[in-house]
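Listed below are the residues making up each chain.
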Amino acid sequence: MITELSLSELRGGLRRGELTSAEIVSAFRDAYLADAKKEEPLGAYVEFFDDSVALAERADEARRAGEADAPLLGLPIAVKDNILVKGRALTCASRMLRGFTAPYSSTVIDRLLAAGMIPLGRTNMDEFAMGSSCEYSCYGPARNPADRTRTPGGSSGGSAAAVAGGLAPVALGSETGGSVRLPASFCGLYGLKPSYGSLSRYGLVAFGSSLDQIGLLGRSPEDLAVVFAAAAGRDPRDETSAATDFPAARAVLDGAELPARDFRGLKIAVPREFVPEGLEAEVSAVFDRFVRWARSRGAFVEIIDLPILEASVAIYYILAAAEASSNLARYDGVRYGLRAKEAGTLFEMYERTRSEGFGEEVRRRILIGNFVLSSGYYDAYYKKAQAVRALLLREVARVLAEHELILSPTAPTPAFKLGSKVRDPLAMYLSDVYTTFANLALLPSLSLPAGLSREGLPIGVQLTGRRFAEETLLSCAETWRREGGGG
Amino acid sequence: MELKELYVTASLAQLDLSDEEAETLSALVGQMVEYFSTMREIDVENLEPTTHALLKTNRVREDAVVESAAADTLVGNAPESEGRFIVIPNVL
């Protein structure tokens, strides 16, 4: 079945002439339409693009005419609703941006379109990417394909539900503190958060600018490598983008196989803080099995102490909220999006627009951000958190000087029930307890599907590497995949 | 967080809070702020705060005209416009 194939398999089918792009895109569209009729639809997309099949037909014509030099010509991708695609609507799943049309494309989209890819549609998310369950969406939640009463994770929950539910072969998400890896873990996918700077942030709607990064979700490490290679590279429009070269990923884009990493001699650190006594038994069992597998392949897995990690969620929520309160100040009803009606003065218009347009969780974070930045609290919270971040950078660098990878569970639990944490923000925030440190430390981090709970819920394991060592993460994940996911 | 403090913060953020919302929020935000204090014990003496995650120097580019999103498209996103002007309520 087309909808069960990986991007790389679809690419092979196109190259050998066994498939057409129109067949591929139609298969995903039909799957989307069929799902939308179900009693509990996945809610993966907020819009499926009507013209995607027509775009696919055009790609097929180009291929027939011998103009198939774009490496990913005619292959579809789902796009999170906070990444600009020129001429398309974009809302960040917020009432605030209803009616907004993207005036330009993000650099990552520009590069993927240049490589021949076809955007399938916009995927559901937590409003402005703030949330861990995809429930803070103005469209209603996305659901987990493994169990529709559960969350697919957030904030890129729609992207994960689309790929895991057979509605897209691969998807773009975005991360500020785990928003790609958590959904990957909950939905049984591979999810990559690149190093800060590997992918341009131009055209990704800003949330926490020192943490944000576009990420990828797919069914195999090779699929992530292909899309990553096509999208990576320095962008003059994002001063924080890096000119790093990724030759192994680029070779995969050019048709080579993703090499599997030999684990012999690989030094891996497991922070004690991330495998606590009270870790949920099923997560613990899956994680231990992965460690045994890595050791059996010759890796040195060492338990280390990294106590600073215990502060990572607190630092993260202070800094992310502070940056968000500043970034979201632009939504004022003047230049785009919602404008409250019947406001007498300019300030009334600002206040009413922001109160009507933002959902509860976004308002909460803006408030927290303004609070930690306000005079009297700035030193105690914001400035202190910045200093602790510096300490975390130093301590994590110390560990990664001696070990190539930091290994942990991706999340403390498998996917939880929809509705179970929505009234308890702190419990929701703690879903990110193992993920935020990689964003704070600017490191690449990957979640791989490591096993299932007794109820059949996916459980992920997270590999975090040195800055710009995306290829190490991908090739280690490839080793795992080739061995049948350890099973 | 005290209710009064919450209202001040909300007005700084240009957010309007209903009394009911303020009650629930003050408990929640208070809970968050208490959680944040877990990092207050950490010793960061002699550490420079990371004011920017990465950039130590400015990058410069040539001062040249480059094509960017067309102004009309940008203005076209405004909720209310007249020609190429964006209409807003009275300021004075």
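Residues numbered from 1 in each chain as written. Chains lettered and ligands numbered in written order. Predicted model: local features only at pLDDT ≥ 70, side-chain atom pairs only at ≥ 80, totals over all residues. Heavy atoms only, no water.

**Q** I would appreciate a short explanation of the state of the cysteines in the present structure.
**A** Note on terminology: disulfide describes a covalent bond linking the sulfur atoms of two cysteines. Residue and element names in this part refer to chain A. According to the stated counting rule, one finds zero disulfides over all chains in the structure shown. No disulfide involves C92; its nearest neighbouring cysteine sulfur is the one of C138, lying 10.0 Å away. Looking at C92, the relative accessible area reads 1%, which means it is buried. (Disulfide = S-S within 2.5 Å. Buried < 20%, exposed > 50% of the residue type's maximum accessible area, 1.4 Å probe, protein only.)

**Q** Explanation requested: the nonpolar core in the structure shown.
**A** Soluble globular proteins tend to bury their nonpolar side chains together. Counting 171 residues, the largest nonpolar core has A:F128, A:L172, A:L448 and B:F36 as the members making the most contacts within it. Residues contacting B:F36, with those up to four places away along its chain left out, are A:A314, A:Y317, A:I318, A:I368, A:V372 and A:Y381. Of all hydrophobic cores here, the second largest spans eight residues; its members include A:L182, A:F186, A:A415 and A:V422. (Core = buried A, V, L, I, M, F, W, Y, C linked by side-chain atoms within 4.5 Å. Contact = heavy atoms within 4.5 Å.)

**Q** Sorry, what's going on with the sheet that holds strand β7 (residues 267-271) of chain A here?
**A** Pairing between the strands of a sheet comes from backbone hydrogen bonds, and it takes one of two forms, parallel or antiparallel. Residue and element names in this part refer to chain A. If you trace the 11 strands from one edge of the open sheet to the other, you get β1-β3-β2-β4-β6-β5-β10-β11-β9-β7-β8, paired in mixed fashion. Lying at the two open borders of the sheet, with one neighbouring strand each, are β1 (45-48) and β8 (300-304). Ignoring which end each strand starts from, the neighbouring axes of this sheet average 30 degrees apart. Pairing geometry for strand β10 (residues 445-452) and strand β11 (residues 458-465), over seven bridges, is antiparallel. Across the sheet, the residue bridging to L448 is V461, located in β11. Packed on one face of the sheet, helix α13 (residues 379-402) meets β7, β8, β9 (405-409) and β11 and runs near 110 degrees to β9. (Pairing = 2+ DSSP bridges. Helix = DSSP H or I, 4+ residues; strand = E, 2+ residues; numbered from the N terminus. Axes fitted to C-alpha atoms, helices over the stretch in contact; angles between N-to-C directions.)

**Q** Honestly, the interface of chain B and chain A in this entry has me stumped. Any pointers?
**A** You'll often see interface size given as the accessible area lost when the parts meet. At the interface, 52 residues of chain B touch 66 residues of chain A. Summed over both partners, the interface of chain B with chain A comes to about 5,100 Å²; 68% of that surface belongs to carbon and sulfur atoms. When the buried surface of chain B facing chain A is broken down by residue, B:Q14, B:M39 and B:R59 rank first, second and third, together holding 13% of it. For the salt bridge of A:R363 with B:E21, the shortest nitrogen-to-oxygen distance reads 2.2 Å. The tally of links from chain B across to chain A stands at 11 residue pairs in polar contact (both at pLDDT 80 or more). For the side of chain B that touches chain A, the elements supplying multiple residues, two or more each, are α1 (3-12), α2 (19-36) and α3 (71-76) of chain B. A per-element tally of the side of chain B that touches chain A places α2(B) first, with nine residues. (Buried area = accessible area lost by both parts, 1.4 Å probe. Salt bridge = Lys/Arg side-chain N within 4 Å of Asp/Glu carboxyl O. Polar contact = N/O pair within 3.5 Å; in protein donor to acceptor, adjacent residues only side chain to side chain.)

**Q** Would you mind showing me how to read the side chain of A:T353 here?
**A** Residue and element names in this part refer to chain A. Residue position: T353 is located in helix α11 (residues 346-357). A distance of 3.0 Å separates a polar side-chain atom of T353 from the backbone nitrogen of A340. Residues in contact with T353, not counting those within four places in the same chain, are M96, D332, G333, L338, R339 and A340.

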